[in-house]
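# Understanding the architecture of this molecule
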Amino acid sequence: MVMDRLARNLHDSDARPVRCQRQRKASGRVRVGRSFTLNYVCGNGFVTIYNTVLQSVVAGNNDILWVTLESVRADHTPMYGYDRNTTPFIDSIADSPDSTVLENGISQSMWTPASTASILTGTYLSTHNVGQDGKVKRKLHSELDTLPGVLADAGYETALFSPSTYISDATGLTSGFTHSELIKLRKENFSKFDETGRLSWKLALKRFRENPTLDLRTLKRDIENSTNGLLATRVKRWMRNESDPDSPAFSYVHVPSPHHPYVPISTVAKEYYDGPDLPAAYDTIERIYEGTEAIMDRMANGNELTPQQTELAKTLYDAEIRYADQTVRQIVEAARARSDRDLIIVVTADHGDMFGEYGLLGHNLVLRDELINVPLIVSGIDGIVSTSTDVSQHIDMTYTLANLTGTLTEQFEGRDLREGNREWGISQRGIAHLDEYRKYNPEFDTSEFFEEPYTCVRTATHKYLGNRNRQVLYELPDETADVSEADPELTRELSAVVDQEIQWISHSEGEEAEYDDRMRAQLRDLGYLT
């Protein structure tokens, strides 16, 4: 489309058609729409328009902001019918005339490293491999393109703001970013005399002013759970003072709320929790999610949450989403003020979470809708198609942005969201390590789980799960009764999607991931390491 428009602008009566010669990378992938020379043949000779001019036409019109929320289920947001208004600001974005709320939004996996790697590379877990081992022992392979990388090549500033070890240099997911920050409010921040130290102290004082309490445990919790504030401040400062407004920008921001344990700052928690003793509620939720061992032990031994505990978890989870929504407001307002360019905004979540459904807590083992059906909202792109029967994936959004900016490569495995008839989405999980659960209960029934990597094909009405050992078909919303024998034709059809789309690739020769002691401590706190 861009080529046709450029050709029409240059057309005269003696012109012959435009010829484009695309250049191949060393890897053999074709890079569409940017690294090539355009020869336009006119009556008086050749006019050559080099890629620098073309880049300004293709990729210089929009800033792009991609915000990923941590662990947010679609069914806990008002855009998808939830009765609590957990995301008033994001809802206002969704209501704007140039926005689309994508029905049936599907994440490519059920945990952060695999899902984020899919977003950034535009590929499935089976292609990028990050987290396929269930442990993230290897970095993203250096030969893979990333969306920030191809945008940087096209003249974009590309910035990453992450609170997660899994989205950092340790895993290679900073690849392609010209600026990246790993941001976490830690105890050691307060002994520093740099900007991080100053910002941490300002946030601590802000929390005390908001809730002037003599309860030191509550104040300590409020401060410890203020990474959102530190993240938003660093994003705002980069956009206002450090980025170049003359260059377009792609900013990727991962908001840490509402990862378990759900301990929102008290001023937000009080909007949702109306019990008499908020500190006691915090104690209860922290005991439930007291690290990896506690979660595995509870699941393996069938220690289900009581109705009161389930309601408490959902209430504090919703408060955490509201806290995340406040953070998104600050980030979006900063992005809007950065330059005079039009702004494309993507808001989604890396995966969902479970509150004891099917005896499961957190986000592990399964690809149920509670974990892979996520909010997916885009603003600033015309012509996006979304109906109740369309299924949209994270990598479809990546593909659309690359196509829109003229930076698409053959590596990207998604589809353009401006095209309809998206009948399915794919999510995948790597190795489950079920032996780690059996340590807590050798009698733990793991027969319902896939131990080896497997693929889910999700349509608007059904969900197929399969690998080389078994296959299952569910008729949604029920994810307990296997209907594969009752509907063999649909089972074969969705199995054929896997055969056509998926090839498990091993990058065993890749570089090992590197976690220092502080990173490992964070992963243990989040329930990823024992």
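In what follows, the structure referred to is the one given above.
## Focus: the sheet that holds strand β15 (residues 425-429)
- The strand order across the open sheet built from four strands is β15-β16-β17-β18, with neighbouring strands paired in antiparallel fashion. Two strands close off the open sheet at either side, each with one partner strand: β15 and β18 (471-475). For this sheet, the mean inter-axis angle between neighbouring strands, taken without regard to orientation, is 15 degrees.
- Where β15 and strand β16 (residues 454-458) come together, five bridges link them in antiparallel fashion. The residue bridging Gln428 from the neighbouring strand is Thr455, located in β16.

## Some thoughts on the pairing of strand β17 (residues 462-466)
- When you tally the buried positions in β17, you get five out of five residues, the bulk of the element.
- On β17, burial covers both faces: His462, Tyr464 and Gly466 on one face and Lys463 and Leu465 on the other are all buried.
- Where β16 meets β17, four bridges bridge the pair, whose relative direction is antiparallel. Bridging from a neighbouring strand, Val457 pairs with Tyr464 of β17.
- Here β16 folds back onto β17 in antiparallel fashion, the turn holding three residues.
- Judged from the five bridges that link them, β17 and β18 form a sheet pairing that is antiparallel. When the sheet's bridge partners are listed, His462 is paired in β18 with Glu475.
- The loop that links β17 with its antiparallel partner β18 comprises four residues.

## Section: the sheet that holds strand β4 (residues 62-69)
- In spatial order, the strands read β5-β13-β10-β4-β9-β7-β8; together these seven strands make up an open sheet with mixed pairing. Since the sheet does not close on itself, it has two edges, and those belong to β5 (99-101) and β8 (179-182), each with one partner. Strand after strand, the sheet turns through a mean of 10 degrees between neighbouring axes, direction not considered.
- In the sheet, strand β7 (residues 157-162) pairs with strand β9 (residues 249-255) via five bridges, with the strands oriented parallel. Note on β9: the bridge partner recorded for Ala159 is Ser251.
- Relative to β9, helix α9 (residues 227-242) is tilted by about 170 degrees, and along the sheet it contacts β4, β7, β8 and β9.
- Most of the contacts of helix α15 (residues 394-404) go to strand β10 (residues 342-349), to which it runs at about 165 degrees, and overall it touches β4, β10 and β13 (376-379).

## Regarding the packing of helix α11 (residues 278-288) against helix α13 (residues 307-338)
- Where α11 meets α13, the closest approach of the two axes is 10 Å, and the angle between their N-to-C directions is 100 degrees. Judged by the inter-axis angle, α11 sits roughly perpendicular to α13. Residue-level contacts link Ala281, Tyr282, Thr284, Ile285 and Ile288 of α11 to Gln309, Leu312, Ala313 and Leu316 of α13.
- A breakdown of the residues in the contact of α11 with α13 according to their chemical character gives seven nonpolar, two polar and no charged.

## Observations concerning the side chain of Ser339
- By secondary structure assignment, the location of Ser339 is in the loop between α13 and β10.
- A polar contact is formed between the side chain of Ser339 and the backbone nitrogen of Arg341, at a distance of 3.2 Å.
- When neighbours within four sequence positions are excluded, Ser339 is seen to be in contact with Asp63 and Pro245.

## Considerations on the nonpolar core
- Counting 114 residues, the largest nonpolar core has Leu65, Leu69, Phe250, Tyr289, Leu365, Met397 and Leu401 as its most contacted members.
- A total of eleven residues in this core trace back to one element, the largest contributor, which is α13.
- Leu65 has contacts with Met239, Ser251, Val253, Ile331, Val332, Ala335, Leu343, Ile344, Ile345 and Val346, leaving out every residue within four places of it along the chain.

## A closer look at the side chain of Gln132
- As for its placement among the helices and strands, Gln132 is situated in the loop between α5 (125-128) and α6 (147-153).
- According to the relative accessible area criterion, Gln132 is buried, its value standing at 17%.

## What about unusual backbone geometry?
- Here the residue pair Ser257 and Pro258 is connected by a cis peptide bond, since its omega of 5 degrees sits within 30 degrees of zero.
- The linkage connecting His260 with the following residue, Pro261, adopts the cis geometry, with an omega of 0 degrees.
- Relative to the assigned elements, Pro261 resides in the loop between β9 and α10 (266-269).
- At Asn104, a residue that is not glycine, the phi angle is positive and equals roughly 55 degrees.
- Its place among the elements puts Asn104 in the loop between β5 and β6 (105-106).
- Using a relative accessible area of 15% as the deciding quantity, one classes Asn104 as buried.
- At Tyr358, a position not held by glycine, the phi torsion is positive, near 60 degrees.
- Looking at where Tyr358 falls in the secondary structure, it is placed in the loop between β11 (354-355) and β12 (361-362).
- On the basis of relative accessibility, which here comes to 34%, the residue Tyr358 falls in the partly exposed class.

## Topic: the packing of aromatic side chains
- The tally for this structure, following the rule as stated, stands at eleven aromatic pairs.
- Summarising the aromatic geometry, the rings of Tyr437 and Phe444 are spaced 6.2 Å apart at their centres and angled 35 degrees between planes, so their arrangement reads as tilted.
- Owing to a relative accessible area of 5%, Tyr437 belongs among the buried residues under this scheme.
- Relative to Tyr454, the ring of Phe450 has its centre 4.1 Å away and its plane inclined at 15 degrees; by these criteria the two rings are stacked. You'll find Phe450 and Tyr454 in the same group, each marked buried.
- Feature note: the residues Tyr262, Tyr289, Tyr317 and Phe355 constitute an aromatic cluster, connected by ring pairs.
- A cation sits over an aromatic face here: Arg368 above Tyr358, 3.8 Å from the ring centre.

Analysis parameters
- Residues numbered from 1 in each chain as written.
- Predicted model: local features only at pLDDT ≥ 70, side-chain atom pairs only at ≥ 80, totals over all residues.
- Heavy atoms only, no water.
- Pairing = 2+ DSSP bridges.
- Helix = DSSP H or I, 4+ residues; strand = E, 2+ residues; numbered from the N terminus.
- Axes fitted to C-alpha atoms, helices over the stretch in contact; angles between N-to-C directions.
- Buried < 20%, exposed > 50% of the residue type's maximum accessible area, 1.4 Å probe, protein only.
- Contact = heavy atoms within 4.5 Å.
- Parallel < 35°, antiparallel > 145°, perpendicular 65-115°, else oblique.
- Nonpolar A, V, L, I, M, F, W, Y, C, P; charged D, E, K, R; others polar.
- Polar contact = N/O pair within 3.5 Å; in protein donor to acceptor, adjacent residues only side chain to side chain.
- Core = buried A, V, L, I, M, F, W, Y, C linked by side-chain atoms within 4.5 Å.
- Phe/Tyr/Trp six-rings, centres within 6.5 Å; stacked < 30°, edge-to-face > 60°.
- Lys NZ or Arg CZ within 6 Å of the ring centre and 35° of its normal.

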